[in-house]
Amino acid sequence: MFTYTVSVTTGKQEFAETVNDIYLTLVGTERSSDRTLVDKSVVDHFARGSVVSVDIRVKEVLGDIVLVKLGKEKILFNDHWYCKCISVTTPSGDSFEFPCYRWIDKEQEVVLRDGKDRLPQDDNMKEYRRMELDSRQLLYRWKEWRPGFPMSLDANSNTELPLDIRFEAAKSVDFSLNYITAIRNLGLNKFLQLSSWKDIADFEKIFVKIKNSESEYVMQNWNKDYFFGYQFLNGSNPVMISKCMNLPDKFAVTQEMVEGSLDRGLTLQEELKAGNIYIADYAIMEGVQANATDPDTKQYLAAPFCLLYKNSQNEILPIAIQLSRQTTVGVGNTVFLPSDNQYDWMLAKMWVKYADFNVHQLVTHLLRTHLISEVFAIAMYRQLAAVHPVFKLLIPHVRFTIAINTAAREKLICKSGLFEKANGTGGNGIVEVIQKAMKTLTYKSLCFPEAMKARGVDKKKDLPNYYYRDDGMMVWEAVKSFVSDVVKIYYSSDEIVQKDEEIQAFVQDVLSLYVCKHASFPNSLKTREQLVEYLTVVIFTASAQHAAVNFGQLFLGVYPDKHFTEQSVIEATKTFRKKLFEVTNIIKSRNEKLKLPYWYLSPDRIPNSVAI
């Protein structure tokens, strides 16, 4: 008799006594073992993060172990359990690793391949690969949640999601409870209880519970023009500012209006030509229906122009704001100026920030990180086998993304959801803004360097102190370098990329989701360079871009689940972490000299995925 020792590493969930009837089958290059029922005394030792060993005895040597079949019999209770990985030690002492990171449920049998990464054209077990993808494509079905939205997963709640992508119990989301908790923690409940407020100073009560150097700085400078301008560079929505070479037709600003704000002695046209004029254009908000869900509260929306000036001190200052875009003959567009009554100017800036808030929430944050990352995630699950190196590369960056988006569709942006109750773009406005934004969403706009160039803000000498751009470029290059290292390990030529049918199916599946043909998403990848850029877009969007416009909890480059087992990829990951550490130190050193540090794109604060 020959003995094979199978070590099963479990995790995530405590197991009840009802967990039983677990079986294992080993498949070798020469023969397979009989299906072995795991002894109940062994199963009873299953616990969170534990390792249990099972001996499987056979009459003849199985050869190299290439598959492990793991499953459980169906019983009355829902006793699914989580398997992290399995290792098999042969009678000769050889060891084989089988990553799993799956839930074992009902009578389902999970077939595990060894940890070696394989491209489809090099795989001699294609039938198992096809079975895996056929099964996944039944689970991960596309659905149009709203007309004009990116396609999403066909699930209406967390309980309808495949087990492997559901939130853990500790990660469950209750948006209403979180909203109430945030209001209380920030001290906003006192503000909401005020029947009225008489002075701007009343807003200082909001900051009672927020005491740190940053909050003090914001409280002291929130209404100053330079700080208003600074937020276009390094605030929560740092993607609206663009270099302005020609004034928009509907913008009624004139030389006479702004000459008092131009400190170089040049005319407006000369400043435009010199590249010192920037603009934030909220055209997407034009014509959007304001929230009308509360008949007792009339709500309004604006579609502002905000003209910004880089003065001789390299400060970005607002010099003209127009809130409307009237085209009716005889109806003028009021342009607000810094020289106006202080409260008129303050309110004009508030209306700009209100428009910015809505664009930030629905376009910059929801559409361009959450919903786009879900598209990549679903296509990955549908088209890439678990042994594909790109699957292993991407899976940490899609963790919980589908789950958080499903929860948002169920409770946050749905009809009568929290967003509808709390925001001026609630109701039809959500759909209108997303549909408009989809018409301008292109593949190249997700490539960070290309996005900077498109807005004319890519040069440091032209626009200094733009930390979102500077830090974003460093992180983009670090991610791209890591992806390039991994791609070179598996693809020695462009021809190998072209022959990878799963990669081609992956990008075609993503493309099929976009009703807007202008989006210019690739329908195939022909070179290693194209593959590197595409995968960098996926990872950067889910990690760094989301971190810049939100905040997170899992850190970039830290991969607790070890999907890769090849030493070459492990070394590439170490190099990636080293580069991220260097970027972190550069940002830390710079921030020590700033009154208001910019941390959003520091790698030690960037989550791996869109999970919140």
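Residues numbered from 1 in each chain as written. Predicted model: local features only at pLDDT ≥ 70, side-chain atom pairs only at ≥ 80, totals over all residues. Heavy atoms only, no water.

Within an unreviewed UniProt entry, the label attached to the protein reads Arachidonate 5-lipoxygenase, and the organism entered is Cyprinus carpio. The annotation that UniProt attaches to the protein under Sequence similarities (unreviewed entry) is "Belongs to the lipoxygenase family." (UniProt positions renumbered as here; feature names shortened; annotations may be inferred.)

Okay, the overall build of the protein next. When helices and strands are counted, the protein shows 19 helices and 15 strands. A buried classification covers 51% of the 612 residues belonging to the protein. In the protein, the share of contacts with a sequence separation of at least 24, taken over all contacts with a separation of at least 6, comes to 73%. (Helix = DSSP H or I, 4+ residues; strand = E, 2+ residues; numbered from the N terminus. Buried < 20%, exposed > 50% of the residue type's maximum accessible area, 1.4 Å probe, protein only. Contact = heavy atoms within 4.5 Å.)

This part takes up the pattern of salt bridges. Here the structure, examined in full by the defined rule, presents 26 salt bridges. Residues arginine 325 and aspartate 281 are paired through a salt bridge, measuring 2.5 Å at the closest nitrogen-oxygen approach. Of the two residues, arginine 325 is situated in the loop between β14 (316–322) and β15 (335–336) and aspartate 281 in strand β12 (residues 277–281); the sequence distance between them amounts to 44 residues. Judged by its relative accessible area of 30%, aspartate 281 is partly exposed. (Salt bridge = Lys/Arg side-chain N within 4 Å of Asp/Glu carboxyl O.)

As a further point, take the sheet that holds β12. Strand order in the open sheet made by the five strands is β11-β12-β13-β14-β15, with antiparallel pairing throughout. Looking at strand neighbours, the two that pair on one side only are β11 (241–243) and β15, the edges of this open sheet. Pairing of β14 with β15 involves two bridges; the strand directions are antiparallel. Its bridge partner lying in β15, glutamine 322 is registered against valine 335. Packed on one face of the sheet, helix α6 (residues 225–234) meets β11, β12, β13 (305–310) and β14 and runs near 95° to β14. Sheet strands touched by helix α9 (residues 342–383): β13, β14 and β15. Its angle to β14, the strand with the most contacts, is close to 90°. (Pairing = 2+ DSSP bridges. Axes fitted to C-alpha atoms, helices over the stretch in contact; angles between N-to-C directions.)

On to the pairing of strand β5 (residues 65–72), then. When you tally the buried positions in β5, you get seven out of eight residues, the bulk of the element. With seven bridges joining them, strand β2 (residues 22–28) and β5 adopt antiparallel strand pairing. Its bridge partner being in β5, isoleucine 22 is matched across the sheet by lysine 72. In this sheet, strand β8 (residues 109–113) lies alongside β5 in antiparallel orientation, the contact comprising five bridges.

All right, on to the packing of aromatic side chains then. Tallying each qualifying case throughout the model produces 21 aromatic pairs. Their ring planes at 15° and their centres at 4.8 Å tell us that phenylalanine 251 and phenylalanine 305 sit as a pair that is stacked. Taken as a pair, phenylalanine 251 in the loop between β11 and α7 (255–258) and phenylalanine 305 in strand β13 lie far apart in primary sequence, 54 residues in all. This pair shows no difference in class: phenylalanine 251 is buried, exactly as phenylalanine 305 is. Taking 5.3 Å as the distance between ring centres and 70° as the angle between the ring planes, the aromatic pair formed by phenylalanine 448 and tyrosine 468 counts as edge-to-face. Linking phenylalanine 448 in helix α14 (residues 448–454) with tyrosine 468 in helix α15 (residues 467–490), this pair joins segments that are 20 residues apart in sequence. Residue phenylalanine 448 is classed as buried on the basis of its relative accessible area of 3%. Pairwise contacts between aromatic rings join Phe376, Tyr443, Phe506, Phe521 and Tyr534 into one cluster. Taking NZ or CZ as reference, arginine 605 lies 4.4 Å from the ring centre of tryptophan 599, over its face. (Phe/Tyr/Trp six-rings, centres within 6.5 Å; stacked < 30°, edge-to-face > 60°. Lys NZ or Arg CZ within 6 Å of the ring centre and 35° of its normal.)

Another point: the confidence of the model for the protein. Residues at a pLDDT of 70 or more form 84% of the protein, whose mean pLDDT is 86. Of the regions scoring below 50 in pLDDT, residues 14–18 engages in 10 contacts with residues more than four places distant in sequence or in other chains. (pLDDT = per-residue confidence, 0-100.)

Attention now goes to the sheet that holds β8. Pairing is antiparallel in the open sheet, where four strands are placed in the order β3-β2-β5-β8. The open sheet is flanked by β3 (36–37) and β8, the only strands paired with a single partner.

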